[in-house]
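Chain by chain, the residues:
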Amino acid sequence: MQLTHHRVWDYAMGDQDVYDRMFGSQIDREMDKDNDEEGESETRGSGKGAQSFCQFSSSLRTVVRIKQKYQAMKKRRLELGGLGGGGLVLGAGLHTGAPVRSSPKIFTFETPSSSPSALSSLFQKMKKKKSRRVMFPSGGGRKAPVVQEHSRAKICLFLLCTILFFQVYNAIENLDDHVLKYDLGGLEKTLCREVFGQQGAMDALLAQLRDYLSTYVHSKPLVLSLHGPSGVGKSHVGRLLAGHFRSVVGEPLVIQYFVLHHCPLEDEAWRCARALSILVSETVLRAEEEEKIPIFIFDEAEHLYPELLDALSDLVRSNRSNEYLNAVYLFLSNQGHTHITMHLLYNSSSDSMMTASGHHGKLVKELNPLLRNTLVKLHPLWAEAELLPMILLEKGHVMECFLDEMTREGFYPDRTNVERLAGEIEYYPVVGGHVYARTGCKQVVARVNLL
């Protein structure tokens, strides 16, 4: 044990001797250099004694200051070595009674701390990164800036909103394109000019067509059924619709079906039903390829055989494929005309102050339940249809029919002659100031041809 302590002491003393020799030799060289300079100054001439004495005194003072600094540094190192030394060297100093010496390998001018805790805290402060957050007093008016975190969810939400905006914009543009494609504005002008006394029914018909034709994606086909007494203009409306849609979607996509013409024999009803199904299937497939909506018009639908009604009922179901859902079916029938006539005659006095659209809206609201119950008993097909009743024509409407037909035939529209022809038509008794024709405009063409 003593041998180990002696070795440690020898190593410590050896390091100190090396350090003393290094600094001592450096100081000796500086003093020799000063002595050489003094010798050279003495050989320059004896006439300069006062100047040489001043130089010698300044050099001497420099040497004294260097020596004092060296002794102070040496003393400080010995004190630091005695306080900060530990482990085996400290134990050796305690046993031998000799001061522990330590010689740093790198010379610095910084004064080391006297305690290990201070050194560790210094190292921790050096390693600690500077915080970027600015702290302000809690009572002050200024507040620390809020750090906004960049979230990917916000970017995704922004992209989703942008995509939805463009989809809605394109949908709106497509609505306008479809309305322009089918020229519903031109159809409205044609119906207002050619159809008399049915403004409410025509407004309802155009509203249904506009809503359905404004888009190309549907959950079921549009089934419309115009019902009314004879002579109110049902077949005329069918001809106008057929002519208009042939000009906008093409003749192959507009089918007019007359039962008494296409299937005159009841015994051939099942064969006619099969042929009708094939015709509708081919038409809707062609319309799907051309991205258009076909129109099927069935005039005098009261003569449709049950086999034909069954085939049509299967075609208009919503569980069919997509091409069958994009189609318009229009039925023209006088079924239920008795309910329409009686309701109009008994309620004309209370509706005298209403507009045409308001009158028709009230008529539909009151007549639809009764009319639908009557038609559904005949066949379930009518449960899928939108019912649009057409009312009786007044005497003024019949005069407009005569005037229009006479103009078409090239006759001079004499007012007196028109009133005479309109007076030959049978009318119902006056109800609430209204005079309704029993046959409407059905006899107008025949009477004008007799002129």
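Keep in mind that this is a model prediction, so the values were computed, not measured.

Caption draft 1: Structural view of a negative patch on the surface. Together, Glu266, Asp267, Glu307 and Asp310 line one region of the surface with negative charge. With respect to the helices and strands, Asp267 occurs in the loop between helix 9 (259-262) and helix 10 (269-290).

Caption draft 2: Region of interest: helix 15 (residues 395-409). In this model, helix 15 (15 residues) spans 21 Å end to end at C-alpha, consistent with the 21 Å of a helix rising 1.5 Å per residue. Along helix 15, the residues that are buried comprise Val398, Met399, Cys401, Phe402, Glu405 and Met406. The arc that holds the buried residues of helix 15, viewed along the axis, is 155 degrees, so those residues lie on one side. Within two residues after helix 15, Gly410 carries a phi angle of roughly 90 degrees, on the positive side.

Caption draft 3: View of the layout of surface pockets. One number sums up the size of the second largest pocket: a volume of about 660 Å³. Together, 27 residues line the second largest pocket, and Gly233, His236, Arg239, Cys441 and Lys442 are the ones closest to its centre. Secondary-structure elements contributing two or more residues to the lining of the second largest pocket are helix 8 (234-249), strand 4 (328-333), helix 15 and helix 17 (444-449). For the lining of the second largest pocket, the residue count by class is nine nonpolar, eight polar and ten charged.

Caption draft 4: Summary view of the environment of Glu194. The residue Glu194 is located in helix 6 (residues 184-194) in this model. Sequence-wise, Glu194 and His236 are 42 residues apart; in three dimensions their C-alpha atoms are separated by 8.5 Å. Setting aside anything within four residues of it in sequence, one finds Glu194 in contact with His236, Leu240, Asp404 and Arg408. A distance of 2.4 Å separates the side chain of Glu194 from the side chain of Arg408, its partner in a polar contact.

Caption draft 5: Expanded view of the state of the cysteines. Applying the stated rule across the entire model yields two disulfides. Bridging Cys263 to Cys272, the disulfide has an S-S length of 2.2 Å. Across the S-S bond linking Cys263 and Cys272, the dihedral sits near 90 degrees, which makes this disulfide right-handed. The residues Cys263 and Cys272 share a single accessibility class, namely buried. Sequence-ordered numbering of the disulfide-bonded cysteines in the protein gives the connectivity 1-2, 3-4.

Caption draft 6: Layout of the side chain of Glu405. Mapped onto the elements, Glu405 comes out in helix 15. The side chain of Glu405 sits in the buried core without any salt bridge; Arg408 is the nearest counter-charge, 4.6 Å away. Excluding its chain neighbours within four sequence positions, the residues that come into contact with Glu405 are Val444, Val445 and Val448.

Caption draft 7: A look at the packing of helix 10 against helix 11 (residues 306-315). Across the interface, helix 10 lies against helix 11 with an axial gap of 8 Å and an inter-helix angle of 25 degrees. Looking at the two axes, helix 10 sits roughly parallel to helix 11. The handedness of the crossing between helix 10 and helix 11 comes out as right-handed. Facing helix 10, whose interface residues are Ala269, Trp270, Cys272, Ala273, Leu276, Ser277 and Val280, helix 11 presents Glu307, Leu308, Ala311, Leu312 and Leu315.

Caption draft 8: Summary view of the packing of aromatic side chains. In the structure shown here, the tally under the stated rule is five aromatic pairs. An angle of 20 degrees between the planes, with centres 5.1 Å apart, marks the rings of Phe296 and Tyr329 as stacked. In this pair, Phe296 is assigned in strand 3 (residues 295-299) and Tyr329 in strand 4, connecting sequence segments 33 residues apart. Seen in terms of ring centroids, Phe331 and Trp382 are 5.4 Å apart; in terms of plane orientation they differ by 75 degrees. Their pairing is edge-to-face. Note that Phe331 is positioned in strand 4 and Trp382 in the loop between helix 14 (356-378) and strand 5 (386-389), a separation of 51 residues in sequence. The burial state of Phe331 is the same as that of Trp382; both residues are buried.

Caption draft 9: Fine view of the pattern of salt bridges. Applying the stated criterion across every chain, the model contains twelve salt bridges. The shortest N-O distance in the salt bridge between Glu290 and Arg286 comes to 3.5 Å. Placement of both Glu290 and Arg286 in helix 10 is noted, with a separation of four residues, approximately one turn of the helix. Judged by its relative accessible area of 35%, Glu290 is partly exposed.

Caption draft 10: The sheet that holds strand 4, seen in detail. The strand order across the open sheet formed by five strands is 2-3-4-1-5, and the pairing between neighbours is parallel. Strands with a single pairing partner mark the edges of an open sheet, and in this sheet they are strand 2 (254-258) and strand 5. The mean inter-strand angle of the sheet, taken between neighbouring strand axes irrespective of direction, is 15 degrees. Pairing between strand 3 and strand 4: four bridges, direction parallel. Residue pairing in the sheet places Phe298 in a bridge with Phe331 of strand 4. Sheet strands touched by helix 8: strand 1 (222-227), strand 2, strand 3 and strand 4. Its angle to strand 2, the strand with the most contacts, is close to 155 degrees.

About the criteria used
The numbering scheme is per chain: residues are counted from 1 as the chain's sequence reads. Only residues with pLDDT of at least 70 get local features here, since the model is predicted, and only at 80 or more are side-chain atom pairs given and counted; chain-wide, interface and lining totals rely on the full set of residues. The side-chain values count all of the structure's non-hydrogen atoms but skip hydrogen atoms and water molecules. Like charges are joined within 9 Å and nonpolar side chains (Val, Leu, Ile, Met, Phe, Trp, Tyr) within 5 Å, but only among residues with over 30% relative accessible area and no salt bridge; these make up the patches. In short, Shrake-Rupley with a 1.4 Å probe defines the accessible areas, and a residue's cover is counted only from the protein chains shown. We define a salt bridge as a contact between a side-chain nitrogen of Lys or Arg and a carboxyl oxygen of Asp or Glu at a distance within 4 Å. When charges are tallied, Lys and Arg are placed among the positive residues and Asp and Glu among the negative ones, while His and the ends of the chain are skipped. For this purpose, a charge sits on NZ of Lys, CZ of Arg, CG of Asp or CD of Glu. A run of DSSP states H or I qualifies as a helix once it reaches four residues; a run of E qualifies as a strand once it reaches two. Both are numbered from the N-terminal end. By this rule the span expected of a helix is its residue count minus one, scaled by 1.5 Å. We call a residue buried when its accessible area falls under 20% of the maximum for its residue type, exposed when it is over 50%, and partly exposed in between, using a 1.4 Å probe and counting protein chains only. The reported arc concerns the directions from the helix axis to the C-beta atoms and nothing else. The method works on a 1 Å grid over the protein atoms by themselves. A cavity is a set of points holding a 1.4 Å probe that cannot get out, a pocket is an open set with protein on both sides within 12 Å along at least five of seven lines, and residues with an atom within 4 Å of a point line them. Grid points are joined across faces, edges and corners, and a volume is the space filled by probe spheres set on the points. Polarity classes work like this: nonpolar for Ala, Val, Leu, Ile, Met, Phe, Trp, Tyr, Cys and Pro, charged for Asp, Glu, Lys and Arg, and polar for all others, with Gly in that last group. Note on contacts: a residue pair qualifies if any of its non-hydrogen atoms lie within 4.5 Å across the two residues. Polar contact is the term for a pair of N or O atoms within 3.5 Å; when the atoms are in protein, one must be able to donate a hydrogen and the other to accept it, and sequence-neighboring residues count only if both atoms are side-chain atoms. For this text, the term disulfide refers to a pair of cysteine sulfurs within 2.5 Å. Interaxial angle, 0 to 180 degrees, is taken between N-to-C directions of lines fitted to C-alpha atoms, where a helix line uses only the stretch in contact. By definition in this entry, angles of less than 35 degrees are roughly parallel, angles greater than 145 are roughly antiparallel, angles of 65 to 115 are roughly perpendicular, and the rest are oblique. A crossing counts as left-handed when the near helix is turned anticlockwise from the far one by less than a right angle, and as right-handed when that turn is clockwise. What counts as a ring pair is set by centres within 6.5 Å for rings of Phe, Tyr and Trp (its six-membered ring), and what kind of pair is set by the plane angle: stacked under 30 degrees, edge-to-face over 60, tilted for all other angles. Strand pairing follows a simple DSSP-based rule, namely that at least 2 bridges must link the two strands.

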